[in-house]
Every structure is written in structure tokens, then in C-alpha cells.
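Analysis of the macromolecular model
The residues making up each chain are set out below.
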Amino acid sequence: MASLISFWLFFALSLLQPQQRQFLATKPWQDWLLDGVSLGIQGAIIPLLQLLLVINFYSLIIPHWQHSFNLFAGGQFLLVFVAIDYVYYWSHRALHSKLLFPIHQVHHTVSQMDMVSCARNTFWSSLFLPYVWLNSLIIYLLHDARGYILAISCTYLLDLWRHSSLIINKNCWLHDCLNSWLILPQDHGLHHHQIGKGNFGANLKLWDKIHGTYLKNTLPNQLSISSGMGIKLELTLWQKLFWPLT
């Protein structure tokens, strides 16, 4: 429920920006349909898949490990925000390799940072990210996973934000507090603008800085980042959702 409320709150805030309102008003209906279906898949079908299939799969292969590990709530939060984020960095970077990028390319058809498009992707491409399998495994193993689930929710909200047009002004004190360590919307905007070159992390800039893939934002505003963003694919809606390989 909190995630749903946050989504609509972020969306309402983005509508306060005239440029964002204009972009959404001129967005093709095919993109609205693609984004709506993708949001439904990520918000409902993927969690249902985790609940009905993945968790049951673990109960078949490691039945005695269910709820067998204790970890304090702060440790669970760090596990998601740091360790899983590092796994995500490498899986996301792998999806930008020549071999795997066709699986991920639909996400990069986004032509402007727009939180409605944050889930745009091929349905089964989510299986190549750690969230479906690894998060399900850890929730299965933990005796009390509330701290872990809270951290997953925070990561989801950050994902919405970094795909949005709600950038923090560089002269703001909050920008000074967050910019050195957290992936901001303008950082992820550069990832979409310079596809495959860097800023692969989800939460932390640390991994990109360590592995030399950090792209520093030198552009004056989000409009500059959005200029020329998005690849063009000659695919039908069905192909984008289920079979983007050409």
C-alpha cells in the first residue's frame, strides 16, 4: 500500500512540472499501453510469481532451511541496500553486454526520464536480475524478514524516483548530502543517455566508482540529459513485451 501511495505522490509531483506535463500529453498511446502493462507485470505478476513458484521451489529443494536464519533488522536493511545492490550492479552491467543487451533493450526505448516508464521492459527480463530469485531466497531463509521487506520497498521507491524528472537542484543542501553516494535521477538519466557506458548501480554510486563506470553529471539540467535519449526499435507491442530478440 505504501508503495502504491508513493507512486501516485511522485506522479502528482511530476505533474507540477510544465515540461513533464507536455511530455506526458504527447506520449504515444502505444507507449502508455506498454508502460501500463509493464507496471502491472512488475507490480503484480512478478510478486505473484515469487510467492507461488519461487518460494515453493525453495521449499522443495531446501525445506529444512525455511525461516532458519536470524538477522537483526538493521543487518537485513544493509543486506538489501549494499550487498544485493552490488549483485544488481553486475547483473545490470551484464545486461548491457553485447550478448545480453537485446533482452534489456526495450527499457532503453524511454525517450525522457518518466517514472511511469520505470518498469518498461520485456516480461521475462526480470528473471536476469537478482530481485526475483535472490530476494525470494533470503526472505525464505530469514526467521523474521520484516527489515528485509522494508529495505526492498525503499529500493523500489528509489527506483521510481531515479526514473522520474524530480531532480534535486545542485545548489540545494539535500543534493550536497546525497550526491556523493546515492544514485540520483540525473545520474540514472546519464545511464539512459549514454547507454552501456556506466552508472549501473541501483542505490549506491560506490560500485560504479570502484569499477570505473561512474559517469559524472556535468550537464546543466535534466532537459539536457533527456535530449537525444532513447533507442528506436521496429518491434510490435507483443515483441517488446515477450520476444524483443531480432
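The rules we used
Residues numbered from 1 in each chain as written. Predicted model: local features only at pLDDT ≥ 70, side-chain atom pairs only at ≥ 80, totals over all residues. Heavy atoms only, no water. 1 Å grid on protein atoms, 1.4 Å probe; cavity = no way out; pocket = protein on both sides within 12 Å on 5 of 7 lines; lining within 4 Å. Points joined across faces, edges and corners; volume = space filled by probe spheres on them. Helix = DSSP H or I, 4+ residues; strand = E, 2+ residues; numbered from the N terminus. Buried < 20%, exposed > 50% of the residue type's maximum accessible area, 1.4 Å probe, protein only. Disulfide = S-S within 2.5 Å. Contact = heavy atoms within 4.5 Å. Nonpolar A, V, L, I, M, F, W, Y, C, P; charged D, E, K, R; others polar. Axes fitted to C-alpha atoms, helices over the stretch in contact; angles between N-to-C directions. Parallel < 35°, antiparallel > 145°, perpendicular 65-115°, else oblique. Left-handed = near helix turned anticlockwise from the far one by under 90°. pLDDT = per-residue confidence, 0-100. Patch = residues over 30% accessible without salt bridge, like charges linked within 9 Å, V, L, I, M, F, W, Y side chains within 5 Å. Areas by Shrake-Rupley, 256 points an atom, 1.4 Å probe, with all protein chains shown as cover. Salt bridge = Lys/Arg side-chain N within 4 Å of Asp/Glu carboxyl O.

1. Describing the layout of surface pockets
In this structure, the largest pocket encloses a volume near 1,300 Å³. Considering the residues around the largest pocket, the lining is formed by 45 residues, among which Gln-42, Ile-46, Pro-47, Ile-152 and Tyr-156 are closest to the centre. Of all the elements in the fold, those that place two or more residues in the lining of the largest pocket are α1 (2–14), α3 (29–61), α4 (73–95), α6 (130–141) and α7 (146–162). Ranked by residue count, the leading element in the lining of the largest pocket is α3, at 10 residues.

2. Some words on unusual backbone geometry
Notably, His-67 is not glycine yet its phi reads approximately 55°, a positive angle. For His-67, the location among the structural elements is in the loop between α3 and α4. Among the residues examined, His-67 registers a relative accessible area of 41% and is labelled partly exposed. The phi dihedral of Asn-199 is positive, around 55°, even though this residue is not glycine.

3. A short note on the state of the cysteines
Note on terminology: a disulfide is the covalent bond linking the sulfur atoms of two cysteines. With the rule as written, the count across this model stands at 0 disulfides. No disulfide involves Cys-118; its sulfur sits 16 Å from that of Cys-154, the nearest cysteine. Cys-118 gets classed as buried once you look at its relative accessible area, which sits at 5%. Of the cysteine sulfurs around Cys-177, a residue in no disulfide, the closest is that of Cys-172, at 8.3 Å.

4. Thoughts on the side chain of Asn-135
Residue placement: Asn-135 occurs in helix α6. On the accessibility criterion, Asn-135 (5% relative accessible area) is buried. Ignoring sequence-local partners within four residues, the contact set of Asn-135 consists of Gln-50, Ile-84, Pro-130, Tyr-148 and Ile-152.

5. A word on empty space enclosed by the protein
In this approach a probe as big as a water molecule rolls over the atoms, and the regions it shows empty are the leftover space. Counted according to the given criterion, the structure contains 1 cavity of 30 Å³ or more. Space inside the largest cavity adds up to approximately 30 Å³. Together, Val-110, Met-113, Asp-114, Ser-117, Cys-118, His-163 and His-192 line the largest cavity. Taken together, the residues of the lining of the largest cavity break down into 3 nonpolar, 3 polar and 1 charged.

6. Side note on the packing of α4 against α7
Where α4 meets α7, the axes come as close as 7 Å, and the angle between the chain directions of the two elements is 40°. Taken as axis vectors, α4 and α7 run oblique relative to one another. Our pair here, α4 against α7, has a crossing hand that is right-handed. Between α4 and α7, the residues in contact are Ala-73, Gln-76, Phe-77, Leu-79, Val-80, Phe-81 and Ile-84 and Arg-146, Gly-147, Tyr-148, Ala-151, Ile-152, Cys-154, Thr-155 and Leu-158, respectively. Per-class residue counts for the contact of α4 with α7 are 11 nonpolar, 3 polar and 1 charged.

7. Digging into the confidence of the model for the protein chain
On average, residues of the protein chain carry a pLDDT of 88, and 94% of them reach 70 or more. Summarising per-element confidence for the protein chain, the mean pLDDT is lowest in helix α11 (residues 222–226) (54) and highest in helix α10 (residues 206–210) (97).

8. Notes on a nonpolar patch on the surface
There is a patch of nonpolar side chains on the surface, built from Phe-57, Leu-60, Ile-61, Leu-127, Phe-128 and Trp-133 and spanning about 600 Å² of accessible area. With 3 residues, the top contributor of residues to the nonpolar patch is α3. Counting through the fold element by element, Leu-60 comes out in helix α3. Exposure remark for Leu-60: the relative accessible area of 70% places this residue in the exposed category.

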